[in-house]
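# Descriptive structure summary
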Amino acid sequence: MTLLLKAWGLYARLTARYPAIRSIVPFIPVVALWAAVAEAEVFPRAFFPGPLEVARSFVSLVYKGILPDYLEDSLLRLAVGTAAGMALGIPLGVLVGLNARARAMLWPVLLFFQAIGDIAWLPILLIWFGFSLTTMTFVIVYTVLFPVVLNTALGVRRVPVELHRAARSLGASHARVVWEVVLPGALPNIMTGLRNGLGYGWRALIAAEIIVGTSGIGFLMFDARRAGSVVEILLGMIVLGLLWYIVDSWVLAPIERATGQRWGLVTQ
Amino acid sequence: MLAARPRFSRPLAAATFLAPLLVLLLLWEGLVRGFGVDPRVFPNVESVARAGFDTLQDGSLLRHVGASLGRVAVGTALAIVISIPLGVAMGLSPVVSGFLTPLFRFFSVLAGIAWIPIATLWFGYGFGAITFVIFNAVFFVVAYNTLLGVASIPLPLRHAAASLGAGGWTMLTQVLLPGALPNIVTGVRTGLGFAWRGLIAAEMIATNVGLGYMLFLARDFYRTEVIVFGMIVIGILWLLIDRLLLAPLERATIERWGMVHRA
Amino acid sequence: MKNLTLRELSKTYFDPYAGAHLTAVHDVSLTVQQGEFVSIVGPSGCGKTTLLNMIAGFIPVSGGEILLDGRAVKGPGPERGVVFQSFALFPWKTVLENVAFGPKMRGLPRPECESVAREYLALAGLAHAADRYPNELSGGMQQRVGVVRALANNPDVLLMDEPFASVDAQTRMTLQEELTRIWQERRPTIIFITHDVGEAVFLADRVVVLSKGRVLKELGVALPRPRAWDLVIEDSAYKAVSAEVLHLVRSA
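Residues numbered from 1 in each chain as written. Chains lettered and ligands numbered in written order. Predicted model: local features only at pLDDT ≥ 70, side-chain atom pairs only at ≥ 80, totals over all residues. Heavy atoms only, no water.

### Points about the overall build of chain B
Looking only at helices and strands, chain B has ten helices and zero strands in total. Counting from the amino terminus, helix and strand elements in chain B follow one another as α-α-α-α-α-α-α-α-α-α. Along the first, second and third principal axes, the C-alpha set of chain B runs to 75 × 60 × 30 Å. Considering chain B as a whole, with its 263 residues, one finds that 51% of them fall into the buried category. The distance from the centre of the 18 positive side-chain charges to the centre of the 11 negative ones in chain B is 12 Å. (Helix = DSSP H or I, 4+ residues; strand = E, 2+ residues; numbered from the N terminus. Buried < 20%, exposed > 50% of the residue type's maximum accessible area, 1.4 Å probe, protein only. Lys, Arg positive; Asp, Glu negative; His and termini not counted. Charge placed at Lys NZ, Arg CZ, Asp CG, Glu CD.)

### Side note on the overall build of chain A
Helices and strands together make up the secondary structure of chain A, namely twelve helices and zero strands. In sequence order, the secondary structure elements of chain A are arranged as α-α-α-α-α-α-α-α-α-α-α-α. Against the globule reference of 18 Å for 268 residues, chain A gives a C-alpha radius of gyration of 23 Å, more extended than a compact globule. Burial statistics for chain A: of 268 residues in total, 52% are counted as buried. Considering only intrachain contacts with a sequence separation of at least 6, the fraction spanning at least 24 residues in chain A is 68%. Surface accessibility of chain A: about 12400 Å² in total, with carbon and sulfur atoms responsible for 70%. For chain A, the distance from the average position of its 21 positive side-chain charges to the average position of its 14 negative side-chain charges is 13 Å. (Rg over C-alpha atoms; globule rule 2.2 N^0.38 Å. Contact = heavy atoms within 4.5 Å. Areas by Shrake-Rupley, 256 points an atom, 1.4 Å probe, with all protein chains shown as cover.)

### Section: the interface of chain B and chain A
Tallying the contact residues gives 51 residues for chain B and 58 residues for chain A. Around 4900 Å² of area is buried between chain B and chain A when both sides are counted, 79% of it from carbon and sulfur atoms. Summed over the shared surface of chain B and chain A, the number is two salt bridges. Note that Asp118(A) and Arg197(B) form a salt bridge whose closest N and O atoms lie 3.0 Å from each other. Linking chain B to chain A there are eight residue pairs in polar contact (both at pLDDT 80 or more). Where the side of chain B that touches chain A is concerned, the elements lending two or more residues are α1 (9–34), α4 (94–110), α5 (116–123), α8 (168–205), α9 (211–220) and α10 (224–257) of chain B. Here the side of chain B that touches chain A gets eleven residues from one element, more than from any other, and that element is α10(B). Class assignment for the residues of the side of chain B that touches chain A results in 39 nonpolar, six polar and six charged. (Buried area = accessible area lost by both parts, 1.4 Å probe. Salt bridge = Lys/Arg side-chain N within 4 Å of Asp/Glu carboxyl O. Polar contact = N/O pair within 3.5 Å; in protein donor to acceptor, adjacent residues only side chain to side chain. Nonpolar A, V, L, I, M, F, W, Y, C, P; charged D, E, K, R; others polar.)

### Remarks on the environment of Asn208(B)
Looking at the element boundaries, Asn208(B) is found in the loop between α8 and α9. Taking the C-alpha atoms as reference points, Asn208(B) and Ile130(B), separated by 78 residues in sequence, lie 12 Å from one another.

### What about the pattern of salt bridges?
Residues and elements named next belong to chain C. In the structure shown here, the tally under the stated rule is 35 salt bridges over all chains. Lysine 48 is the salt-bridge partner of glutamate 162, the closest N and O atoms lying 4.0 Å from each other. Here glutamate 162 is found in the loop between β7 (157–161) and α6 (169–186), whereas its partner lysine 48 is found in helix α1 (residues 48–56), with 114 residues between them in sequence. Pair check on accessibility: glutamate 162 and lysine 48 agree, each one buried.

### Quick look at unusual backbone geometry
Glycine aside, a negative phi is what most residues show, and trans is what most peptide bonds show. Residue and element names in this part refer to chain C. Residue proline 226 is bonded to the preceding arginine 225 through a cis peptide linkage, with omega at 0 degrees. Residue position: proline 226 is located in the loop between β10 (214–220) and α8 (229–232). Its identity is not glycine, yet phenylalanine 87 carries a phi of approximately 75 degrees, on the positive side. At glutamate 162, a residue that is not glycine, the phi angle is positive and equals roughly 40 degrees. Judged by its relative accessible area of 11%, glutamate 162 is buried.

### Some thoughts on empty space enclosed by the protein
All names here are of chain C. Under the defined criterion, the tally for this structure stands at two cavities of 30 Å³ or more. Counted as a void, the largest cavity has a volume near 70 Å³. If you trace the largest cavity, you find it lined by Gln143, Arg144, Val147, Phe164, Leu175, Glu178, Leu179 and Ile182. Looking at the lining of the largest cavity, the elements with two or more residues in it are α5 (139–151) and α6. Ranked by residues supplied to the lining of the largest cavity, first place goes to α6 with four residues. Taken together, the residues that form the lining of the largest cavity break down as five nonpolar, one polar and two charged. When we break the lining of the largest cavity down by domain, the ones giving at least three residues each are domain 1 (4–79 + 156–251) and domain 2 (86–154). As a volume, the second largest cavity reaches approximately 40 Å³. Residues that form the lining of the second largest cavity fall into these classes: five nonpolar, one polar and two charged. (1 Å grid on protein atoms, 1.4 Å probe; cavity = no way out; pocket = protein on both sides within 12 Å on 5 of 7 lines; lining within 4 Å. Points joined across faces, edges and corners; volume = space filled by probe spheres on them. Domains from an automatic or database assignment.)

### Digging into the pairing of strand β8 (residues 189–194) of chain C
All names here are of chain C. Among the six residues of β8, six are classified as buried, and the element is accordingly described as predominantly covered. By the alternation rule, side chains of β8 split into Thr189, Ile191 and Ile193 and Ile190, Phe192 and Thr194, which are all buried. Where strand β3 (residues 37–41) lies against β8, five bridges are found, and the strand directions are parallel. The residue of β8 that forms the bridge with isoleucine 40 is isoleucine 193. With five bridges connecting them, β7 and β8 associate as parallel partners. Bridge assignment links leucine 158 to a residue of β8, and that residue is isoleucine 190. Considered for its hand, the β-α-β crossover made up of β7, α6 and β8 is right-handed. (Pairing = 2+ DSSP bridges. Right-handed = clockwise from strand over helix to strand, strands pointing away.)

### Brief notes about the confidence of the model for chain A
Confidence in the prediction of chain A, expressed as mean pLDDT, is 87, and 97% of residues score 70 or more. Least confident of the elements in chain A is helix α2 (residues 20–24) of chain A, whose mean pLDDT is 77; most confident is helix α9 (residues 161–169) of chain A, at 94. (pLDDT = per-residue confidence, 0-100.)

### Some points on the sheet that holds β3(C)
All names here are of chain C. The strand order across the open sheet formed by six strands is β6-β7-β8-β3-β9-β10, and the pairing between neighbours is mixed. The open sheet terminates on both sides in strands that have one partner only, identified here as β6 (80–83) and β10. Neighbour-to-neighbour, the strand axes of the sheet open up by a mean angle of 20 degrees, direction not taken into account. Contacts between α1 and the sheet are confined to β3, β6, β7, β8 and β9 (206–211), with β7 contributing the most and set at about 145 degrees to the helix. (Axes fitted to C-alpha atoms, helices over the stretch in contact; angles between N-to-C directions.)

### Focus on the packing of aromatic side chains
Scanning the model with the defined rule gives 34 aromatic pairs over all chains in all. Seen in terms of ring centroids, Tyr245(A) and Phe106(B) are 6.1 Å apart; in terms of plane orientation they differ by 65 degrees. Their pairing is edge-to-face. With one member in each of two chains, Tyr245(A) in helix α12 (residues 230–262) and Phe106(B) in helix α4 form a pair that bridges those chains. Judged on exposure class, the residue Tyr245(A) and its partner Phe106(B) are both buried. Taking 5.8 Å as the distance between ring centres and 70 degrees as the angle between the ring planes, the aromatic pair formed by Phe37(C) and Trp183(C) counts as edge-to-face. On the criterion of sequence distance, the pair formed by Phe37(C) in strand β3 and Trp183(C) in helix α6 is long-range, its members being 146 residues apart. Judged by its relative accessible area of 0%, Phe37(C) is buried. The ring of Phe194(B) carries Arg203(A) above its face, with NZ or CZ at 3.6 Å from the centroid. Across the ring face of Tyr222(B), the terminal group of Arg40(B) is positioned such that the distance to the ring centre comes to 4.7 Å. (Phe/Tyr/Trp six-rings, centres within 6.5 Å; stacked < 30°, edge-to-face > 60°. Lys NZ or Arg CZ within 6 Å of the ring centre and 35° of its normal.)

Structure, rendered in structure tokens:
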């Protein structure tokens, strides 16, 4: 019993010094359980391989250069799509946030098109652009656009009117008010929009790669499924999950928190 | 001074919502006719309406919508029934919840579309695989959010309830569930969002009935009017789900209790 | 002489719930001399904030005109600085950056903006807080920053909208004394809005009593300067003027 307590104490001290450990350790028993279930062949090996096989496949795919290539393709598309989505979405969000008339006219349109969803556009996009990069980029831009616009608009509206007035009475022109007051004030919400947008965005990417597929992690998984190779499907899922987990928890969420807390603003 | 709500607020709200969409409709018709757009590229309003009417008449629309909604309903119901009690159980102990949070966060982050390939492998094509994807999306997200919600209920609150004589069932229904409800509702909204997307995507590749399938099939025959009609149906369905199900749920729970929790 | 003249200023707006036009300000005429400190005092809803918002250019005028140095004013501008009840400091900028904002908008080069800002921070005794963010400061300190931020822009008129209403009573008295000190040093023209009669009399050369959108009476305040609360509060002239103003405000 004391051994257990000692181990517990060690764990507590370690995680206090290196909080990242707390995010990693819980996965150890899961992986162990996975290995055990796979070994016990509760499900046929072909349907439920163990972690070792997945790891071996990982090494082999990296060695062959396939995984890094696909990963690069996926990430590049996501980055380009997201950048375009934000470049379009933030100005649109500012417009909708500041101008009541624009909001009345555009809000229902935005909500409706968001409701259609990115994936429902694939069939018509395939007709227009075929199985191409344009199709995939469009889907990602579409997906990222709406959370960014809606959250930006929300953030813009939450900037207190007094800050607008203070800036104007200090000599700022309308344009400068947007740059110096509205955008910084809306930044926490913009970050939330980016985070949500990316969350939907990578899912849209995977779906597009599955359906349109020429390369990318989604394609890897679907191709493996066609070949009946579960190992690579699992590998793809784990890579995706890890990637997004890392980006979201250790890059996006802290930025969102930092911008909100640093300035004493309340994040959505 | 109490603000009086004008008597026509509800229909007025609906009208202000629909008006820009009607303008869009007119714009659509104007552009397609004005530029003489090839119907194989983009259909005009009339052909879409006609296509829609046809699918309604021959019953195919009902079949597809029924299949899609049926899968969503089953998958969601199953997921919620399992994930909420599980989330509550996990959230009770700070040690357990702290340990499990990264795990469930990982899985909720992966939830939905990424499972399509493996779902079709495990369950074959059709109802099973698609419902699994939906179940998966809702399950992990709701479990994660429930866990967070219960874990964030201040311990003194639970102690107070216990010292006032609350037993297990009372504690659950009067303290834990209400306390975690804002998070649960947020989880349902997010999970359903992922599930809906996963549904459409999965139906495009893994079945022969459903809205996604209807769209994908139409593509093969360049029947853009069916595609556009299908897209509109999907949009309307989601708006209905959002306005009639999710928004009232959020209003009844989050706003009523004046709490805003974030996962 | 850069005087501010209000000529038959009025403001009406349509209230949908009342279903009628309401007049917030009725034909207010007033002249404020350069370097004067004028308090406008009145009960809640008397239109004083509306009046200030019109002078500041935040809301349009329904009738009459506002002339600064003989020229009509339109919209907000740096020649009419504003100090807000809620401080309205930019939370994402440091104290220094906040105070340097006005000079920056005027296009001054960076080093000059900074030196002007530091000069005014020193005036308010806030040099040590230059690199802090507003949410790290107390309410009293934040409002000091608000005041010098407006002053750093060298406005022709400083408009203060119940600036000390959000701080506690003791801090308020300190801030009032500091305001008079700064005013004596720099002699800006100040229009000070408040519902606190004692505050209005303590600070000003002239008190304008507003009620239901109209000017009831203007009273001169002949107390010697500099003014400190422990002395003024016993002063019979102060008591007399305050009593009269209070009576006017309450009976309106």
